[in-house]
Amino acid sequence: MRILGIETSCDETAVAIVENGTKLLSNVVVSQIDIHKEFGGVVPEVAARSHIEVIIPIIEKALKESMLSWSDIDAISVTKGPGLVGSLLIGSLTARTLSVIKKKPLYGVHHVLGHVFANFITRKSDTLDINLPADAPQFPLLALIVSGGHSQLVLFKGFLDFELLGQTRDDAIGEAFDKVAKILGLPYPGGPSISKAAEKGDPSKYTFPDAKLDNPYEFSFSGLKTAVLRRVQQHIGESPDYPSHMIPERLNEADIADYAASFQEAAIKTLVNKTLGAYREFKPRSVVIAGGVAANSRLREMMRQTLPITIEYAPMELCTDNAAMIASLAYFQSLKVDSDDPFYLKVQPSLSINQAIL
Ligand code: KG4
Ligand code: ZN
């Protein structure tokens, strides 16, 4: 079964074709980073307009890349939530229209759950230049989901049989990277900027406290972000009411690198320790990391060093937002639930993972 996936939940317009949930036939991603950079973050209206401009050419490009035509496509899938409402609408209206015109079943899928399914893509057509893991993960599977909007530990007993162990109470991990990057004057998107600056910094220069929470699998990152802000204000001899946008000009490159490295170390240690705790309690056969922050090389390194299990990592381009994961999830969804009605599929900007396949 070949599924054409469409993803437009935030600032990437993406279309991919995946066979049987596991074989990548094409993967096209157009990022809006350059457009939003000057604003220091994603501007929702601008994001939606940019999706409109490129969605049709990207669908055509994905078909061309796979050397397939519409008659070879068995179904269409699209992210229905969570995400920015205007952005989600462009993808879903496109998918719904194509589903009616081309007479293909339609599957609306959950974006964050989709991130996990990027790890099941282990084969590709010969023409694609992408390094995939050799083996698919096994069940029970522990997934650490770390993106711009989510930090969650989820235990999977089967493809769509899962339990949310815990999630963030406040900021998501990617959001914390983005906010700390702003404090340090590093460009958007903050995650890759922090990770790059951290390469030249000393991760043990500053120590930041870990949030103490009753549920060992819950996360909290807003305290860490504030701790970095207070330490930097103290560093430049200013009080806590000193405006954060005036901080970067008072820091030199070495200071910025040390703060980036120390923050990254603290944030990643928390992720890895919680994953280790869940690994010990639930004894999964595989562990995966999913979402944009899974592209962080220090996270990959610390996971590898800390967990007593071999971890396969999805390639960077399938960690950040893409449509291959949306097409993969839709395949496994199609084995379990009916397709959606293209005349009624709604976008759900705040859709929880617990309602992913209702
Ligand atoms: O999954 P994603 O592409 O979009 C969402 O669904 O949110 O994740 C985006 C997040 C952003 O916060 C970005 O700063 C972060 O992933 N990110 C990273 C890295 N690459 C992207 N964070 C840390 N290190 C990276 N290398
Ligand atoms: Zn995402």
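Quantities reported herein were computed from a predicted structural model and do not represent experimental measurements.

A. Layout of the site of ligand 1. Taken together, the neighbourhood of ligand 1 is formed by 17 residues, with His-115, Gly-148, Asp-178, Gly-191 and Gly-292 sitting nearest. His-115 is positioned such that a nitrogen or oxygen atom in its side chain is 3.0 Å from an oxygen atom of ligand 1. Isolated, ligand 1 exposes 560 Å² of accessible area, and the fraction of that covered by the protein chains is 86%. With respect to the detected pockets, ligand 1 is housed in the largest pocket. If you list the elements that add at least two residues to the shell around ligand 1, you get helix 4 (111-117), helix 5 (173-184) and helix 6 (190-198). Per element, the largest residue contribution to the shell around ligand 1 is 3 residues, and it comes from helix 5. Here the residues of the shell around ligand 1 are counted per class, giving 4 nonpolar, 11 polar and 2 charged.

B. Local environment of the sheet that holds strand 1 (residues 2-7). What the 6 strands build is an open sheet, ordered 5-4-1-2-3-6; its pairing is mixed. Bordering the open sheet on either side are strand 5 (106-110) and strand 6 (123-124), each of which pairs with just one other strand. Along the sheet, helix 3 (residues 85-102) makes contact with strand 1, strand 4 (75-81) and strand 5, crossing strand 4 at roughly 155 degrees. Where helix 11 (residues 324-334) meets the sheet, it contacts strand 1, strand 2 (12-19), strand 3 (23-31), strand 4 and strand 5, and its direction lies at approximately 110 degrees from that of strand 5.

C. How the structure looks around the sheet that holds strand 10 (residues 286-290). Pairing in this open sheet of 4 strands is mixed, and the strands run 9-8-7-10 from one edge to the other. In the strand order of this sheet, the two ends are held by strand 9 (161-167) and strand 10, each with one partner. Strand-to-strand, the axes of this sheet are offset by a mean angle of 20 degrees, without reference to chain direction. As paired strands, strand 7 (residues 141-146) and strand 8 (residues 151-158) are joined by 6 bridges and run antiparallel to one another. Its bridge partner lying in strand 8, Leu-144 is registered against Leu-153. Those strands touched by helix 8 (residues 253-282) are strand 7, strand 8, strand 9 and strand 10, and its axis lies near 160 degrees from that of strand 7.

D. How the structure looks around the environment of Asp-241. Among the secondary structure elements, Asp-241 is positioned in the loop between helix 7 (222-235) and helix 8. Judged by its relative accessible area of 66%, Asp-241 falls in the exposed class. For Asp-241 and Arg-230, which are 11 residues apart along the polypeptide, the C-alpha to C-alpha distance reads 9.5 Å. A polar contact of 2.4 Å, which involves the side chain of Asp-241, links it to the side chain of Ser-239.

E. Structural context of the layout of surface pockets. In this structure, the largest pocket occupies an estimated 1,300 Å³ of space. If you trace the largest pocket, you find 45 residues lining it, with Asp-11, Ser-147, Gly-148, Asp-178 and Pro-189 closest to the centre. If you list the elements that add at least two residues to the lining of the largest pocket, you get helix 4, helix 5 and helix 6. Considering each element in turn, the lining of the largest pocket owes the most residues, 7 residues, to helix 5. Looking at the lining of the largest pocket residue by residue, the class counts come to 17 nonpolar, 19 polar and 9 charged. Counted as a void, the second largest pocket has a volume near 320 Å³. Looking at the second largest pocket, it is lined by 21 residues, and the ones nearest its centre are Phe-208, Pro-209, Asp-210, Ala-266 and Thr-270.

F. Inspection of the packing of helix 8 against helix 9 (residues 297-306) at higher detail. Viewed as axis vectors pointing N to C, helix 8 and helix 9 meet at an angle of 40 degrees, and their least axial separation amounts to 10 Å. Between helix 8 and helix 9, the angle falls in the class oblique. Judged by the sense of rotation from one axis to the other, the crossing of helix 8 with helix 9 is right-handed. The residues of helix 9 that touch helix 8, namely those facing Gln-264, Glu-265, Ile-268, Lys-269, Leu-271, Val-272, Thr-275 and Leu-276, are Arg-298, Leu-299, Met-302, Met-303 and Thr-306. Classifying every residue of the contact of helix 8 with helix 9 by side-chain character gives 7 nonpolar, 3 polar and 3 charged.

Each value, and the rule that gives it
Residues numbered from 1 in each chain as written. Chains lettered and ligands numbered in written order. Predicted model: local features only at pLDDT ≥ 70, side-chain atom pairs only at ≥ 80, totals over all residues. Heavy atoms only, no water. Near = heavy atom within 4 Å. Polar contact = N/O pair within 3.5 Å; in protein donor to acceptor, adjacent residues only side chain to side chain. Areas by Shrake-Rupley, 256 points an atom, 1.4 Å probe, with all protein chains shown as cover. 1 Å grid on protein atoms, 1.4 Å probe; cavity = no way out; pocket = protein on both sides within 12 Å on 5 of 7 lines; lining within 4 Å. Sits in = over half its atoms within 2 Å of the grid points. Helix = DSSP H or I, 4+ residues; strand = E, 2+ residues; numbered from the N terminus. Nonpolar A, V, L, I, M, F, W, Y, C, P; charged D, E, K, R; others polar. Pairing = 2+ DSSP bridges. Contact = heavy atoms within 4.5 Å. Axes fitted to C-alpha atoms, helices over the stretch in contact; angles between N-to-C directions. Buried < 20%, exposed > 50% of the residue type's maximum accessible area, 1.4 Å probe, protein only. Points joined across faces, edges and corners; volume = space filled by probe spheres on them. Parallel < 35°, antiparallel > 145°, perpendicular 65-115°, else oblique. Left-handed = near helix turned anticlockwise from the far one by under 90°.

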